[in-house]
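# Report on the structure
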Amino acid sequence: MPEKILVVDDDLDTLRLVGLMLQRQGYQISAADNGAQALTLAQSESPNLILLDVMMPGMDGYEVARRLRANPATEAIPIIMFTAKSQVDDKVLGFEVGVDDYLTKPTQPRELFAHVKAVLARGRKSGVVSAPVTPSRERGYVVGVMSVKGGLGVSTLALNLGISLRNRTKKDVIIAELRPGQGTMALDLGYLNPEGMNRLLQRTPAEINLQDVESELLTHKTDVRLLLASYNPLDGRHLAHPEQFEAMAHHLVFLANYIVLDLGPGINPINDRVLPLCDEVIVVLEPIPNTLTRTHMLMDTLAARGFGEGRVNTVLYNRQRTEMQYSLAQVQKEYKHPIGIVFTAAPELIYQASRNNIPLVVQHPDNLTSQQFLKLADSISKRVRPRE
């Protein structure tokens, strides 16, 4: 397996160039453009080496190095400080905070490769190997569920899909609502005032670790595990702190075989950070003209982010029986994107399930809509099978 290098630099051009050069040398590359993200990735991915810039906004490279050395999970990872700061005092400070080598920008590729090889070789020779935080676990398959607006049934779909994946695959499944102040699953399932996510949000991104995330998961009677958002509107203030959600998501991906993320509506600050972790995205669509137009724009945005054919799946969700909606033929004509599955309207059954605090696929497993959830779960598990 190729050695993994975490490259940390707030200059995206440098990040891409250095990452590409090292990839061509056979290394596996992970990238972070700020200190908080670097700390999260260092703990969750346990790279063999960190190439660390100094001058970054918020948390500079010196502080990142100090925190890496103070954390038992990352203290042994070799660090090369790669920076334009070339004064002797800068270098001395770098070694004082615990870096293993210091390389000044700009540098020739051959010099960079030589430093990288030397530091990695010293680590192998000394037997200092940074053990993964979760050595017995592999990264799970992440499914994001979203729409262009609220009220389309994203949470209902995420919940019933996650339970269906558990039923079909018998694998570990986590369902996480990344919607602070907008949670609905807790009330639908009979959990009052869930505080797990809020406890995590009291910490800085670097302080959120895998064990803490795992300890805040609730186990439902269906054996799926849940990270539930608060339904207190005041907690919507956490939308302005996407870094914490990014840190949580980085850990969640190592805690189950399938991770279903309720992303809610639109590309908000949290989704902007979390979408890169998704292996595929399910977009919920309703057969209404204005929603079709807006969803088409969302699909273009997702395509620009790498969610092309095979990584994005549209489901048509009929929540009401009404003549005001488009027919399937009209939707297909105007939407111009493939529709993976069409859910039959079952508003009465969904309402009844919510009142009883029992998911639809559990209370009415033989209902047509429940069978459609199972069909969607089957299609996902078939795509994942080669990876497992």
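Residues numbered from 1 in each chain as written. Predicted model: local features only at pLDDT ≥ 70, side-chain atom pairs only at ≥ 80, totals over all residues. Heavy atoms only, no water.

### Observations regarding the sheet that holds strand β8 (residues 218-219)
- In spatial order, the strands read β8-β9-β7-β10-β6-β11-β12-β13; together these 8 strands make up an open sheet with mixed pairing. Taken across any chain shown, the strands that pair with only one partner, and hence form the sheet edges, are β8 and β13 (339-343).
- Bridge count for strand β11 (residues 280-285) against strand β12 (residues 312-317) is 5 bridges, and the pairing is parallel. In the strand pairing of β12, Ile282 is matched with Asn313.
- Here helix α12 (residues 289-304) sits on the sheet and contacts β6 (141-147), β11 and β12; the angle it forms with β11, its principal contact strand, is near 170 degrees. (Pairing = 2+ DSSP bridges. Helix = DSSP H or I, 4+ residues; strand = E, 2+ residues; numbered from the N terminus. Contact = heavy atoms within 4.5 Å. Axes fitted to C-alpha atoms, helices over the stretch in contact; angles between N-to-C directions.)

### Quick look at the pairing of strand β10 (residues 258-265)
- For β10, a buried count of 7 out of 8 residues is recorded, marking the element as mostly surrounded by other parts of the structure.
- Of the strand pairs in this sheet, β6 and β10 are connected by 7 bridges, and their pairing is parallel. Within the sheet, the bridge partner assigned to Val143 lies in β10 and is Val260.
- Bridge count between strand β7 (residues 173-177) and β10: 5 bridges; the pairing is parallel. When the bridges of β10 are listed, Val173 appears paired with Tyr258. (Buried < 20%, exposed > 50% of the residue type's maximum accessible area, 1.4 Å probe, protein only.)

### Details of the sheet that holds strand β3 (residues 49-52)
- Read across the sheet, 5 strands follow the order β2-β1-β3-β4-β5 without closing on themselves; strand pairing throughout is parallel. Of all strands in the sheet, those with a lone pairing partner are β2 (28-32) and β5 (101-104), marking the two edges. Going from strand to strand, the sheet's axes swing by 20 degrees on average, the running direction of each strand aside.
- By the bridge criterion, 4 bridges tie strand β4 (residues 79-83) to β5 in an arrangement that is parallel. In the strand pairing of β5, Thr83 is matched with Thr104.
- With respect to the sheet, helix α3 (residues 61-70) is in contact with β3, β4 and β5, its orientation differing from that of β4 by roughly 175 degrees.
- Along the sheet, helix α4 (residues 88-96) contacts β4 and β5; its crossing angle with β5, the most-contacted strand, is approximately 150 degrees.

### So, the confidence of the model for the protein
- Summing up the model confidence of the protein, the mean pLDDT is 86 and the portion of residues at 70 or higher is 93%.
- Throughout residues 127-136 the model reports pLDDT below 50, and contacts reaching past four residues in sequence, or to other chains, amount to 15 contacts. (pLDDT = per-residue confidence, 0-100.)

### Considering the packing of aromatic side chains
- Tallying each qualifying case throughout the model produces 2 aromatic pairs.
- When the centroid spacing of 6.5 Å and the interplanar angle of 40 degrees are considered together, the rings of Phe95 and Tyr102 count as tilted.
- Phe95 sits in the partly exposed class, given a relative accessible area of 44%.
- Taking 4.7 Å as the distance between ring centres and 50 degrees as the angle between the ring planes, the aromatic pair formed by Phe343 and Phe373 counts as tilted. Taken together, the residues span a long stretch of sequence, with Phe343 in strand β13 and Phe373 in helix α16 (residues 368-384) at a distance of 30 residues. Taken individually, Phe343 and Phe373 each receive the classification buried, so the pair is uniform in this respect.
- Lying across the ring of Phe82, Lys105 places its NZ or CZ 5.4 Å from the centre.
- Positioned above the aromatic ring of Phe307, the side-chain terminus of Arg311 is 4.2 Å from the ring centre. (Phe/Tyr/Trp six-rings, centres within 6.5 Å; stacked < 30°, edge-to-face > 60°. Lys NZ or Arg CZ within 6 Å of the ring centre and 35° of its normal.)

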